[in-house]
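# Overview (structure and organization)
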Amino acid sequence: MSDAASSGGASARRRPPTIHDVAREAGISRGTVSRVLNGGHNVSPEALKAVNAAIKKTGYVVNRHARSLVTQRSDSVAFLLTEEQDRFFEDPNFNHLLRGCTAALAKHDIPLLLMIAGTEEERRRIGRYITAGHVDGVLLVSSHSGNPMVELLHEAKMPVVACGKPLGQVATPAYVAADDREGARQMLRHLLGLGRRRIATVTGPLDTPGGVDRLSGYREMLAEAGIDYDPALVVEGDYSRASGEAGMTRLLAQAPDLDAVFVASDLMADGALATLAKAGRSVPGDVAVGGFDDSAIAAAARPPLTTVRQPWERISGEMVRLLLSLISGEPPASVILPTELVRRETA
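Residues numbered from 1 in each chain as written. Predicted model: local features only at pLDDT ≥ 70, side-chain atom pairs only at ≥ 80, totals over all residues. Heavy atoms only, no water.

The next point concerns the packing of helix 7 (residues 92–106) against helix 15 (residues 312–327). It is the contact of helix 7 with helix 15, at a shortest axis distance of 8 Å, that shows an interaxial angle of 50°. Comparing their axes, helix 15 and helix 7 come out oblique. When the axes of helix 7 and helix 15 are compared, the crossing they make is right-handed. Here Asn 93, His 96, Leu 97, Gly 100, Cys 101, Ala 104 and Leu 105 of helix 7 come into contact with helix 15, specifically with Trp 312, Ile 315, Ser 316, Gly 317, Met 319, Val 320 and Leu 324. Each residue belonging to the contact of helix 7 with helix 15 can be placed in one class, and the counts come to nine nonpolar, five polar and no charged. (Axes fitted to C-alpha atoms, helices over the stretch in contact; angles between N-to-C directions. Helix = DSSP H or I, 4+ residues; strand = E, 2+ residues; numbered from the N terminus. Parallel < 35°, antiparallel > 145°, perpendicular 65-115°, else oblique. Left-handed = near helix turned anticlockwise from the far one by under 90°. Contact = heavy atoms within 4.5 Å. Nonpolar A, V, L, I, M, F, W, Y, C, P; charged D, E, K, R; others polar.)

Structure (structure tokens):
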């Protein structure tokens, strides 16, 4: 055999597997394989299993560029965070969501693009990119009241699923949320059960659904316990550690007789614990402290933080499920998931 023939044979052996190879290996038609690769609609469970096994055996990889020319889809999804960039690195909740959404989309072989639009310039640039058709849908995270990205995406008819119900919007997109109001009620019920009566709160931003609903749950439980609402026991935070420190400082000045505090995020609660320690207040002896999220910060806090668990894995999984349904032409839907009280040492 000549060197040229040998080289040609090696080249042939290195040829990447095609959809025809998958069909031949699975023993079914190319059309059935194509339907599996484009969502699995009208495909029997047996055929789906055979195609997936053939893909694994042949090592077939989807040519996304070729498929997008046919389907007119990008086969990618945006994770759009509408906060300043430094918040992404400070707040562990965003990383929980990003990891969960990435894992859920990986099961469908769909990549996730992280986009951060915390400034007007970033919103304009990212808005142009998204509405030009570079992604098939958007997972919208941390939307504040009147967020212009919501209306922009709605006008562009872009499939969107938000984490939390956006406030102050003409068109409310599909959303997935933890039951913030009931979570706050769980925490207040627990603090009241400990005999605490001067219960303060550091709220989340009151232009976000979590900030509004957690404050509502706080107020409802005080009313049910026959305790009057006292504005001196309420300060607003922004979910940052610094705002938890500052909020706790204000509360101690305004209401030095407080005996408990419900802080609307674990990150803020960690800041509140630092302020209490500096002020010489023991936890939970002098002041019981409760957080919200059950992030890694809660277990690492000193003392470990009693908090309300958000089901992050379920939230991200449901966001992806709803978005893929929207992309496939299904009507929008929303899901509210239950929270759980997690008792540790601060309350």
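A few words now on the packing of aromatic side chains. Where two aromatic rings form a pair, the distance of their centres and the angle of their planes describe that pair. For the structure on display, the rule yields two aromatic pairs. For the ring pair Phe 88 and Phe 89, a centre distance of 5.2 Å and an interplane angle of 80° mean the geometry is edge-to-face. Residue class for Phe 88 comes out buried when judged on its relative accessible area of 6%. Exposure remark for Phe 89: the relative accessible area of 66% places this residue in the exposed category. Pairing Phe 262 with Phe 292 gives two aromatic rings, centres 6.4 Å apart and planes at 50°, and the pair type is tilted. (Phe/Tyr/Trp six-rings, centres within 6.5 Å; stacked < 30°, edge-to-face > 60°. Buried < 20%, exposed > 50% of the residue type's maximum accessible area, 1.4 Å probe, protein only.)

Before going further, it helps to spend a moment on the packing of helix 10 (residues 180–193) against helix 11 (residues 209–224). Helix-helix packing is described using two parameters, namely the angle between the two axes and the distance between the axes. Where helix 10 contacts helix 11, the two axes come as close as 7 Å, and the packing angle between them is 40°. Taken together, the axis directions place helix 10 and helix 11 in an arrangement best described as oblique. Considering how the two elements wind past one another, helix 10 and helix 11 form a crossing that is right-handed. Of helix 11, the residues touching helix 10 (which contributes Asp 180, Arg 181, Ala 184, Arg 185, Leu 188, Arg 189 and Leu 192) are Gly 210, Asp 213, Arg 214, Ser 216, Gly 217, Tyr 218, Glu 220, Met 221, Leu 222 and Glu 224. Per-class residue counts for the contact of helix 10 with helix 11 are six nonpolar, three polar and eight charged.

Attention now goes to the sheet that holds strand 8 (residues 260–263). Strand order in this open sheet of four strands is 7-6-8-9, and the pairing throughout is parallel. Only two strands of the sheet have a single neighbouring strand rather than two, namely strand 7 (234–236) and strand 9 (288–290). Sheet twist, expressed as the mean angle between neighbouring strand axes with direction ignored, is 15°. In this sheet, strand 7 lies alongside strand 6 (residues 199–203) in parallel orientation, the contact comprising three bridges. (Pairing = 2+ DSSP bridges.)

Keep in mind these numbers describe shape, not what the thing actually does.
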